[in-house]
Amino acid sequence: MRRLDADEIAPTAYAWPIEAQQLRVRAGRRMAVDGLDLALGPGVHGLLGPNGAGKTTLVRALATVVRPASGTLRLLGEDVSAGSGLRGVRRQIGYLPQEFGYYRRFTVREFVEYVAWLKQMPPAEVPGAVQRAIDRVGLTDRADHRMRTLSGGMVRRAGIAQAIVNDPVILLLDEPTVGLDPDQRLQFRTLLRDLAADTCVVVSTHLVEDVAAACTDVMLIDDGRLVFRGVPADLAAAADNGVGDAPDDGGGAGGARGDSPHERGYSTIMRRHRRERAR
Amino acid sequence: MTSRIVRIEIRRSAARWAGLLSLPLLLFAFGDLGRGSGVLATGHRQTLVLFVPLALGVGAWQARRDRRSRMEELLITTPRPAWHRHTVTAAALVAGVVVGAWLVYALLTGYITAIGAFTSFTGVAVFGVSTLFLVAAVLLGLAVGRLAPWVVTPPLLTLGGFVLMILPEAVLPVESEAHPLPGTRLLIPAETGGVSRFETLTGSALAAQATWAAGLAVAALVLALASGYRRLAAAAPVAVSLAVAASLLPAQARDAVVLDPSAIAAVCTDDAPRICVTAVQRPALADLRDPARDALRILASKLPQAPTSVSEAVLDTRAGQYLTPDRATVLYADLPTTARTGRIAVPAEDLLFGLLIGAGTPPCPFAFDLPRAQRAAYDTARVVAALWLLDRPPSSVPRDPYWWWWLPDDAALTAAYDALLARPADEQRARVAALRAAEVTCVAGDRLATLLGTGE
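Calculation rules
- Residues numbered from 1 in each chain as written.
- Chains lettered and ligands numbered in written order.
- Predicted model: local features only at pLDDT ≥ 70, side-chain atom pairs only at ≥ 80, totals over all residues.
- Helix = DSSP H or I, 4+ residues; strand = E, 2+ residues; numbered from the N terminus.
- Buried ≥ 20, exposed ≤ 12 C-beta atoms within 10 Å, placed from the backbone.
- Contact = placed C-beta atoms within 7 Å.
- Rg over C-alpha atoms; globule rule 2.2 N^0.38 Å.
- Pairing = 2+ DSSP bridges.
- Axes fitted to C-alpha atoms, helices over the stretch in contact; angles between N-to-C directions.
- Domains from an automatic or database assignment.
- Nonpolar A, V, L, I, M, F, W, Y, C, P; charged D, E, K, R; others polar.
- pLDDT = per-residue confidence, 0-100.
- Expected span 1.5 Å × (residues − 1).
- Core = buried A, V, L, I, M, F, W, Y, C linked by C-beta atoms within 7 Å.
- Parallel < 35°, antiparallel > 145°, perpendicular 65-115°, else oblique.
- Left-handed = near helix turned anticlockwise from the far one by under 90°.

(A) Region of interest: the overall build of chain A. Per the secondary structure count, chain A includes 10 helices and 10 strands. With 279 residues in all, chain A has 48% of them scored as buried. Long-range contacts, defined here as pairs at least 24 residues apart, represent 65% of the contacts in chain A between residues at least 6 apart.

As structure tokens, this is what we get:
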């Protein structure tokens with residue numbers, strides 16, 4: 001157990017940990033996020049969308065890697081669009097990049113400890129926080145192994161451990177379940193549910209199932225715009241209602257493809273959106 | 001906390017490779033440790049030709065780690081200023097270089113002490129300055145690697161560093177009276193000969209090198225840690241240290257080398273007659289004592305005005321004479337010591353023979369410039385004197401290459417020896433005494449003629 005400081009339990013001065021208005025973010029020459037309005041509170045927010053929809057660019061903007069081209073982005077009440085006042089915000093962020101790089105020669109413990117140092121955690125808290133983060137991702141027995149000896153799934157979990165070591169208020173996970181076996185994915189979902197109480201978690205993924213199982217909230221984006229937002233049940237409901245689509249491929253309910261209600265809901269909404277855009 | 005991170009970096013960064021940069025000194029100097037700790041200093045300077053470039057490469061390789069590990073994205077999102085990270089990495093590399101170098105130094109000094117060979121503070125100072133150059137190199141590598149985090153940077157930097165280290169040898173003429181090397185040659189620290197085991201660098205030359213190396217190290221740190229236009233500040237330590245170093249260096253490089261007083265200090269037997277060697281050759285004293293006393297006794301019994309003590313023959317090449325400039329009363333011992341232990345490498349009777357060459361005199365400086373034929377005659381006369389003193393035939397001349405630039409011509413030696421022995425005993429004695437007298441004063445002349453009485 002960790003003792004909480006007074007400023008940790010003090011009421012926050014902001015309504016939403018993540019708040020974006022007309023957010024536009026460039027990825028190279030393309031406007032990958034194009035006019036997004038967003039207000040995210042504590043909970044697990046699943047970010048779904050096809051390849052190239054702008055998921056990773058959005059997460060990178062939220063992680064303060066790239067600066068928005070226009071619009072406003074407030075993290076923990078701080079306007080980070082201008083690229084200033086970042087230090088305080090960054091202490092409260094945990095980030096697992098899509099391409100998670102790491103120092104191969106470090107052990108898991110050393111690597112997580114190094115990130116804790118980079119996040120300027122109070123030194124006294126670091127050893128306990130490092131152990132807790134490693135335990136939570138199930139790498140306890142691998143803590144003193146070199147990073148380069150880990151399998152792909154273990155590396156991903158080590159990546160999650162470094163992202164949560166500072167008990168972030170905003171946790172950004174880009175494709176966290178890639179490489180995890182079914183068992184590990186179940187563990188990961190449990191971890192997400194644990195975190196949901198007091199953390200604003202944004203999980204970008206291709207896997208509709210992860211979102212359905214562990215997210216309190218689902219966002220679908222396509223072409224840099226928010227297409228749908230609701231609870232996972234809404235996603236499933238969209239498929240069941242067969243909202244406005246044509247029976248073209250004889251698949252599941254209402255012609256939408258997918259093996260589960262959530263997947264069918266996802267494909268239904270995407271197809272509807274694309275058809276509307278094409279008009 | 002930061003100290004924990006430094007420890008992690010020492011374990012996991014290239015710091016360990018940096019620590020290995022001085023390790024080859026173990027191989028390089030091990031065979032010469034009988035010559036004392038000055039060998040560590042000059043030996044280490046020689047390894048710098050290779051290991052300063054490698055230090056540059058190690059630094060540059062370390063600087064590329066964030067890109068190589070694809071960590072840059074994650075690092076951007078952390079609040080700690082980048083220069084904190086870079087400082088920790090630099091500290092780990094410096095710790096690696098310094099600890100590695102001094103571990104090797106301590107290990108070898110321990111061995112030197114164990115075999116009773118010479119250790120001195122001047123060697124420590126020279127080695128310290130060499131270490132500083134390695135530190136500067138590894139930091140420069142880090143700085144360049146940070147400015148140009150490319151795959152080709154470490155190998156190119158290593159190659160460039162190597163070219164720079166051998167540049168003075170490549171562009172400057174071979175040192176001679178006509179072409180003295182400039183003092184600024186010492187700004188590139190690699191030693192390529194010219195410092196004997198009796199010599200060391202002057203305090204001001206060492207201070208100049210230390211200042212220059214420290215200036216480079218500080219400039220490298222500024223380059224590695226600062227960002228944007230602040231990097232221009234790196235020019236200041238370079239300019240200041242260069243100015244200070246230039247003012248401390250002598251005009252000519254050879255004036256930066258002096259006899260090391262602690263190395264040439266006499267170490268003598270307590271009892272008379274006094275047998276002395278230089279501190280550098282201390283391990284040889286025990287082996288020298290008995291043959292040296294035999295030589296004194298033989299000289300006293302066979303010649304007038306024999307020497308009364310023995311000193312090691314150390315030629316001060318700058319002054320053009322031996323360190324103890326008293327050829328009349330001192331028997332000069334040129335010591336054939338092994339480099340590894342510093343003990344005498346030849347049997348006692350061969351050493352005795354060596355002591356009596358020239359009837360107990362070292363070669364006169366003029367002999368070094370004689371044409372080969374005359375030098376051969378000069379040596380023949382001196383060897384015959386030793387044979388006469390020892391009552392030994394020419395066939396007993398030691399063949400050990402240590403004694404000879406070239407072996408004396410056996411036929412000439414035998415002829416001269418026979419010619420001397422053909423004389424009456426009194427005249428033989430007078431001839432050898434005349435040779436010794438000529439060699440003591442170093443008057444010019446044909447010594448073989450003096451010995452055989454053919455020149456008068």
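(B) Looking closely at the overall build of chain B. For chain B, the helix and strand inventory stands at 18 helices and eight strands. By the compact-globule yardstick of 23 Å for 456 residues, chain B is too spread out, its C-alpha radius of gyration being 28 Å. If one aligns the C-alpha atoms of chain B with their principal axes, the spans along those axes are about 100 × 45 × 35 Å. Out of the 456 residues belonging to chain B, those deemed buried represent 46%. Expressed as a percentage of contacts within chain B between residues at least 6 apart in sequence, the contacts between residues at least 24 apart total 75%.

(C) Region of the structure containing the sheet that holds strand E1 (residues 18-27) of chain A. Residue and element names in this part refer to chain A. Pairing in this open sheet of four strands is antiparallel, and the strands run E2-E1-E4-E5 from one edge to the other. Edge positions in the sheet fall to strand E2 (30-40) and strand E5 (78-79), since each has one partner strand and no second. Its contacts with the sheet put helix H2 (residues 55-62) on E1, E2 and strand E4 (70-75), and the angle it makes with E1 is roughly 120 degrees.

(D) Structural context of unusual backbone geometry. The residue after Ala272 of chain B, namely Pro273 of chain B, is reached through a cis peptide bond having omega -10 degrees. By the element assignment, Pro273 of chain B lies in the loop between strand E3 (266-268) and strand E4 (276-278). In this model, Leu76 of chain A sits at a positive phi of 50 degrees, which is unusual for a non-glycine residue. Note on Leu76 of chain A: 21 C-beta atoms within 10 Å, which makes it buried. Although it is not a glycine, Cys442 of chain B adopts a positive phi angle of roughly 60 degrees. Mapped onto the fold, Cys442 of chain B is located in the loop between helix H17 (425-441) and helix H18 (447-452).

(E) Up close: the domain arrangement of chain B. Residue and element names in this part refer to chain B. The domains assigned to chain B are domain 1 (2-260) and domain 2 (265-452). For domain 1 and domain 2, the distance between their C-alpha centres works out to 45 Å. If you look at the interface, domain 1 gives 14 residues, while domain 2 gives 13 residues. Along the lines of polarity and charge, the residues of the side of domain 1 that touches domain 2 split into six nonpolar, five polar and three charged.

(F) Quick peek at the confidence of the model for chain B. Mean pLDDT over chain B stands at 88; residues scoring 70 or higher make up 96%. Both scores are given for the predicted complex: the pTM is 0.86, the ipTM 0.88.

(G) Spatial organisation of the environment of Val383 of chain B. Considering the arrangement of structural elements, one finds Val383 of chain B in helix H15 (residues 372-390). Between the C-alpha atom of Val383 of chain B and that of Phe353 of chain B, which follows or precedes it by 30 residues, the distance is 8.7 Å.

(H) The arrangement of the environment of Asp217 of chain A in detail. Residues and elements named next belong to chain A. Along the chain, Asp217 falls in strand E9 (residues 217-222). Accessibility expressed as a C-beta count within 10 Å gives 20 for Asp217, which makes it buried. Sequence-wise, Asp217 and Leu96 are 121 residues apart; in three dimensions their C-alpha atoms are separated by 20 Å. Other than its neighbours up to four places away in sequence, Asp217 contacts Gly43, Val44, His45, Gly46 and Val231.

(I) Focus on the pairing of strand E10 (residues 225-230) of chain A. All names here are of chain A. Here E9 pairs with E10 via five bridges, running antiparallel. Across the sheet, residue Ile221 finds its bridge partner in E10, namely Leu226. The hairpin turn running from E9 into E10, its antiparallel successor, is two residues long, and Asp223 in that turn takes a positive phi close to 50 degrees.

(J) Summary view of the confidence of the model for chain A. Residue and element names in this part refer to chain A. Looking at chain A as a whole, the pLDDT averages 87, with 90% of positions reaching at least 70. Per-element confidence in chain A ranges from a low mean pLDDT of 62 for helix H1 (residues 6-9) to a high of 97 for helix H4 (residues 108-118). Across residues 243-254, confidence stays below pLDDT 50; counting only partners more than four residues off in sequence or on other chains, it has 28 contacts.

(K) Fine view of H2 of chain A. Residue and element names in this part refer to chain A. Most of H2 is tucked away, with eight of its eight residues classed as buried. Looking only at H2, the buried set comprises Lys55, Thr56, Thr57, Leu58, Val59, Arg60, Ala61 and Leu62. Phi for Thr64, located one or two positions after H2, is positive at around 65 degrees.

(L) Focus on the pairing of E9 of chain A. All names here are of chain A. Judged by how many residues are buried, E9 sits mostly within the fold: six of six residues are covered. Summarising the sheet, strand E3 (residues 43-48) and E9 pair through four bridges and their orientation is parallel. Paired with Leu48 across the two strands is Leu220, which belongs to E9.

(M) Representation of H15 of chain B within the structure. With 19 residues, H15 of chain B should cover 27 Å at 1.5 Å per step; its first-to-last C-alpha distance of 27 Å lies within 8% of that length. A positive phi of about 55 degrees marks Asp391 of chain B, the residue just after H15 of chain B.

(N) Representation of the nonpolar core in the model. All names here are of chain B. Judged by nonpolar contacts, the single largest core of 166 residues is most densely connected at Ala55, Leu134, Ala136, Val138, Leu139 and Ala220. Residue contributions to this core peak at 15 residues, all from helix H8 (residues 121-147). For Leu139, the contacting residues outside a window of four places in its chain are Gly59, Ala90, Ala217, Ala220, Leu221 and Ala224.

(O) Looking closely at the sheet that holds E9 of chain A. Residues and elements named next belong to chain A. Within the open sheet, the six strands sit side by side as E6-E7-E8-E3-E9-E10. Their pairing is mixed. The open sheet has two edge strands with one neighbour each: strand E6 (93-96) and E10. Averaged over all pairs of adjacent strands, the angle between strand axes in this sheet comes to 15 degrees, irrespective of strand direction. Across five bridges, the pairing between strand E7 (residues 170-174) and strand E8 (residues 200-204) is parallel. Across the sheet, the residue bridging to Leu171 is Val201, located in E8. In this fold H2 packs onto E3, E7, E8 and E9, with an angle of close to 150 degrees to the strand it touches most, E8.

(P) Representation of the packing of H4 of chain A against helix H1 (residues 2-12) of chain B. Viewed as axis vectors pointing N to C, H4 of chain A and H1 of chain B meet at an angle of 135 degrees, and their least axial separation amounts to 10 Å. When the interaxial angle is binned, H4 of chain A and H1 of chain B end up oblique. Regarding H4 of chain A and H1 of chain B, the two cross each other, and that crossing is left-handed. Only Ile5, Ile8 and Arg12 of chain B of H1 of chain B make contact with H4 of chain A, whose side of the interface consists of Glu110, Tyr114 and Trp117 of chain A. Residue composition of the contact of H4 of chain A with H1 of chain B, by class: four nonpolar, no polar and two charged.

(Q) Structural view of the packing of helix H7 (residues 82-114) of chain B against helix H10 (residues 203-225) of chain B. All names here are of chain B. Taken N-terminus to C-terminus, the directions of H7 and H10 make an angle of 140 degrees; their axes are 9 Å apart at the nearest point. On the basis of their axis angle, the class for H7 and H10 is oblique. Handedness of the crossing formed by H7 with H10: right-handed. Contacts from Trp83, His86, Thr87 and Ala90 in H7 reach Leu221, Ala224 and Leu225 in H10. Of the residues in the contact of H7 with H10, the class split is five nonpolar, two polar and no charged.

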